Amino acid sequence: MWPYLILGAIVGIILTPSLSFAQGDLLRFRLLPQESNILTEVLDPFGGIVKGEFALKEGEAQGRVGNLLDSGWVRLTINAASYNSKLGLRDQDVQEGYLHVKDYPVIAFTSTGINDIKEPRSPNEAWQLTIRGGLDLHGIKREIRVPVRLTHQGRKFTVEGS
């Protein structure tokens, strides 16, 4: 089942302490679990797609404006037992039979770099970039690449990726 996992994320991020910053300042972000979703789509054996979601336990990000390639970094910790596809028996099977949540209670992602940065031409457009890093799932760590779109409105940043 897990080789066919397509993991998409919509994560709300808040900037601390303020949005006023100068080029080159190190910006630190705290991810908001209550406003964040980690969405999944899994191909089932019958050719259908089952949609589900996980709860974000905690996360943080940082980077320097104008130098994300060298300074950008993100870390996510996801509660593995929070998997919910609204199909109770299936969820229990996924949690116990595939994720083994008692032995592996969290799924973790820590970035190792940022590539392919496309800066917006106007403040209303999204940044587009690729985040690479280690995904630790079920005791197995793999290097993955996640293309994302980053937008902001006021003090809230939103990241969408798949």
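Analysis parameters
Residues numbered from 1 in each chain as written. Predicted model: local features only at pLDDT ≥ 70, side-chain atom pairs only at ≥ 80, totals over all residues. Heavy atoms only, no water. Helix = DSSP H or I, 4+ residues; strand = E, 2+ residues; numbered from the N terminus. Buried < 20%, exposed > 50% of the residue type's maximum accessible area, 1.4 Å probe, protein only. Contact = heavy atoms within 4.5 Å. Areas by Shrake-Rupley, 256 points an atom, 1.4 Å probe, with all protein chains shown as cover. Pairing = 2+ DSSP bridges. Phe/Tyr/Trp six-rings, centres within 6.5 Å; stacked < 30°, edge-to-face > 60°. Core = buried A, V, L, I, M, F, W, Y, C linked by side-chain atoms within 4.5 Å. Salt bridge = Lys/Arg side-chain N within 4 Å of Asp/Glu carboxyl O.

In terms of helices and strands, the protein carries 2 helices and 9 strands. Classification of the 162 residues of the protein by burial places 35% in the buried group. Look at the contacts in the protein between residues 6 or more apart in sequence, and 53% of them connect residues 24 or more apart. Accessible surface computed for the protein: about 9800 Å², of which carbon and sulfur atoms make up 52%.

Following the sequence through the fold, Q95 ends up in helix α2 (residues 88–98). Taking relative accessible area as the criterion, Q95 reaches 17% and is therefore assigned buried. Apart from residues lying up to four places away in sequence, Q95 is in contact with A80, A81, S82, Y83, H100 and V101.

Another point: the pairing of strand β5 (residues 73–84). Relative to β5, strand β4 (residues 49–64) runs antiparallel, the two sharing 8 bridges. Of the residues in β5, the one forming a bridge with Q62 is W73. As defined by bridge partners, β5 adjoins strand β6 (residues 106–118) across 5 bridges and the pair is classed as antiparallel. The residue bridging N79 from the neighbouring strand is V106, located in β6.

For the rest of this paragraph, the subject is the pairing of strand β7 (residues 127–137). Note that β6 and β7 share 8 bridges and pair antiparallel. Paired with F109 across the two strands is L135, which belongs to β7. As paired strands, β7 and strand β8 (residues 140–153) are joined by 11 bridges and run antiparallel to one another. Opposite W127, over in β8, you have L150 as the bridge partner. Where β7 hands over to β8, the hairpin turn is made up of 2 residues, of which H138 adopts a positive phi near 60 degrees.

The subject of this paragraph is the packing of aromatic side chains. In the structure shown here, the tally under the stated rule is 1 aromatic pair. Look at F54 and Y83: their rings are 5.2 Å apart centre to centre, the planes differ by 50 degrees, and that puts the pair in the tilted class. Here F54, found in strand β4, pairs with Y83, found in strand β5; they are 29 residues apart in sequence, far enough to count as distant. In this pair, the class of F54 matches that of Y83, namely buried.

One finds F54, I107 and I131 to be the most contacted residues of the largest nonpolar core, which totals 27 residues. Looking at this core, the elements with two or more residues in it are β2 (26–31), β4, β5, β6, β7, β8 and β9 (156–161). With 5 residues, β5 is the single largest residue contributor to this core. Setting aside residues up to four positions removed in sequence, I131 forms contacts with V74, F109, S111, G113, I114, I144, R145, V146 and V148.

To continue, consider the pattern of salt bridges. By the definition in use, this model includes 4 salt bridges. E58 is the partner of R75 in a salt bridge, and the nearest nitrogen-oxygen pair spans 3.6 Å. On the criterion of sequence distance, the pair formed by R75 in strand β5 and E58 in strand β4 is long-range, its members being 17 residues apart. You can call E58 partly exposed: its relative accessible area is 39%.

Relative to the elements of secondary structure, G134 occurs in strand β7. Relative accessible area serves as the criterion here: at 8%, G134 is assigned to the buried category. Spatially, the C-alpha atoms of G134 and T110 are 5.5 Å apart, while their sequence positions differ by 24 residues. Discounting chain neighbours no more than four positions away, the residues touching G134 are A108, F109, T110, T112, K141, R142 and E143.

Note that all results are geometric; they support no functional claim without further evidence.
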